[in-house]
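Observations on the three-dimensional arrangement
Take a look at the letters that make up each chain.
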Amino acid sequence: MSDYKLTYFDGLGLGELIRLIFVQADVSFKDVRIDDKDWDTIKPTVTYGVLPTLETEGQTFFQSIAIARYLARKFGLAGKTELENFKADIVIDTFEDAYKPISAYYRFEDGDKRKEELKNDYVNEILPRFLGTLEKLLKSNKNGDEYFVGDSLTWADLHIVDFVPRVERLVKIKVPLENYPKLKNLYERVSSQPKIADWIAKRADSWF
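A brief structural summary.

Calculation criteria
- Along each chain, residues carry numbers from 1 onward, in the same order as the chain's sequence is written.
- Under the rules for a predicted model, residues below a pLDDT of 70 receive no local features and side-chain atom pairs below 80 are neither given nor counted, while totals for whole chains, interfaces and linings still include all residues.
- For the side-chain quantities, the full set of heavy atoms in the structure was used; hydrogens and water were omitted.
- Helix numbering and strand numbering both begin at the N terminus, where a helix is a DSSP run of H or I of at least 4 residues and a strand a DSSP run of E of at least 2.
- Radius of gyration here uses only the C-alpha atoms, and the compact-globule reference equals 2.2 Å multiplied by the residue count raised to the power 0.38.
- It only takes one pair of heavy atoms within 4.5 Å for two residues to be counted as in contact.
- Using the Shrake-Rupley algorithm and a 1.4 Å probe, accessible areas are obtained, with residue cover drawn only from the displayed protein chains.
- His is not counted here, nor are the chain ends, while Lys and Arg score as positive and Asp and Glu score as negative.
- Charge positions come from single atoms, namely NZ of Lys, CZ of Arg, CG of Asp or CD of Glu.
- Whenever a helix is involved, its axis is fitted only over the stretch in contact; in every case the axis is a line through C-alpha atoms, and angles between N-to-C directions fall within 0 to 180 degrees.
- Here is the rule for angles: anything less than 35 degrees is roughly parallel, anything more than 145 is roughly antiparallel, 65 through 115 is roughly perpendicular, and the remaining ranges are oblique.
- Take the far helix as the reference: if the near one is turned anticlockwise from it by less than a right angle, the crossing is left-handed, and if turned clockwise, right-handed.
- In this scheme, strands are said to pair when DSSP sees at least two bridges between them.
- To form a nonpolar core, buried Ala, Val, Leu, Ile, Met, Phe, Trp, Tyr and Cys residues must be joined to one another through side-chain atoms within 4.5 Å.
- Residue burial is assigned from relative accessible area. The probe radius is 1.4 Å, only protein chains are included, and a residue is buried under 20% of its type maximum, exposed over 50%, and partly exposed in between.
- A crossover counts as right-handed when, viewed with the strands pointing away from the observer, the path leading from the first strand over the helix to the second turns clockwise.

Let us look at the overall build of the protein. The helix and strand tally for the protein stands at nine helices and four strands. When the helices and strands of the protein are read in sequence order from the N terminus, they spell out β-α-β-α-β-β-α-α-α-α-α-α-α. Taking 17 Å as the expected radius of gyration for a compact globule of 208 residues, we find that the protein reaches 17 Å, a close match to that expectation. Each of the three principal axes of the protein carries a C-alpha extent, and together these read 50 × 45 × 30 Å. Taking the intrachain contacts of the protein between residues at least 6 apart in sequence as the baseline, contacts between residues at least 24 apart amount to 71%. Of the accessible surface of the protein, which amounts to about 10900 Å², a share of 50% is contributed by carbon and sulfur atoms. On the protein, the mean spot of the 31 positive side-chain charges and the mean spot of the 35 negative ones are 2 Å from each other.

Okay, the packing of helix α1 (residues 16-25) against helix α7 (residues 155-171) next. At a closest axis distance of 9 Å, the pairing of α1 and α7 adopts a crossing angle of 125°. Put simply, α1 runs oblique to α7. Read as a crossing pair, α1 and α7 show a hand that is right-handed. Each of Glu16, Leu17, Leu20, Ile21 and Gln24 in α1 lies in contact with α7, whose residues at this interface are Trp155, Leu158, His159, Val161 and Asp162.

This part covers the sheet that holds strand β4 (residues 59-62). Strand order across the open sheet formed by four strands is β2-β1-β3-β4, with mixed pairing between neighbours. Two strands bound the open sheet, and with one partner strand each, they are β2 (30-34) and β4. For this sheet the average axis-to-axis angle between neighbouring strands, irrespective of direction, equals 20°. Where strand β3 (residues 53-56) meets β4, four bridges bridge the pair, whose relative direction is antiparallel. Counted as the bridge partner of Leu54 is Phe61 from β4.

With that settled, consider the nonpolar core. In this structure, Ile21, Phe148, Trp155, Phe163, Val167 and Leu183 are the most contacted members of the largest nonpolar core, which totals 61 residues. Of all elements in the fold, only β1 (5-9), α1, α3 (64-74), α4 (82-99), α6 (113-139), α7, α8 (181-191) and α9 (194-201) reach the threshold of two or more residues within this core. It is α7 that contributes the most residues to this core, ten residues altogether. Discounting chain neighbours no more than four positions away, the residues touching Trp155 are Leu17, Ile21, Ile65, Ala68, Arg69, Ala72, Leu77, Ala78, Ala88, Asp89 and Ile92.

Strand direction decides the pairing type here: β1 and β2, joined by five bridges, are parallel. Following the sheet pairing, Lys5 is matched in β2 by Lys30. What joins β1 to β2 is α1, and the crossover it makes is right-handed.

As structure tokens, then:
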């Protein structure tokens, strides 16, 4: 029986980075997926009223990045020193900041002029700025030829395998990794890790 139970919707969203950490660490977990159309019924029964939640050691926890950070450190995927932990956190926060503007996009209906303006701003200005920052962060460690932090894979590297498909599904675009060769190479290397590649091949085809 698994010591971990992760509950989230049947999509990438806020749960996928956590799942990737479990997969890369080769730690079994109960992957509970809720259909979003059932959320209104289920929500009153959820401890804090939000997802994802992680149940372990007889307790229930929420906040996706806090959960991911806890697991990454527990499973040796957060860096080998406190400084590497710190650097990995910076990369994670940069990825998360790159997601935030997408929420404004979803406040408007399809066909709304403002929604199209927000999409154009994100695609042409916001996303390239964050990708440029991530490229610089990657190049700051061994010229970007290995990992974001140190000499081994961390949750910071796993995040790119979550980030790219999530943005592509939410915004309905192709993330232009060809303009960021170090990021593109990292994405391909992490995606081809045996356990990660197997997980990606089984991903559900969701909108988020």
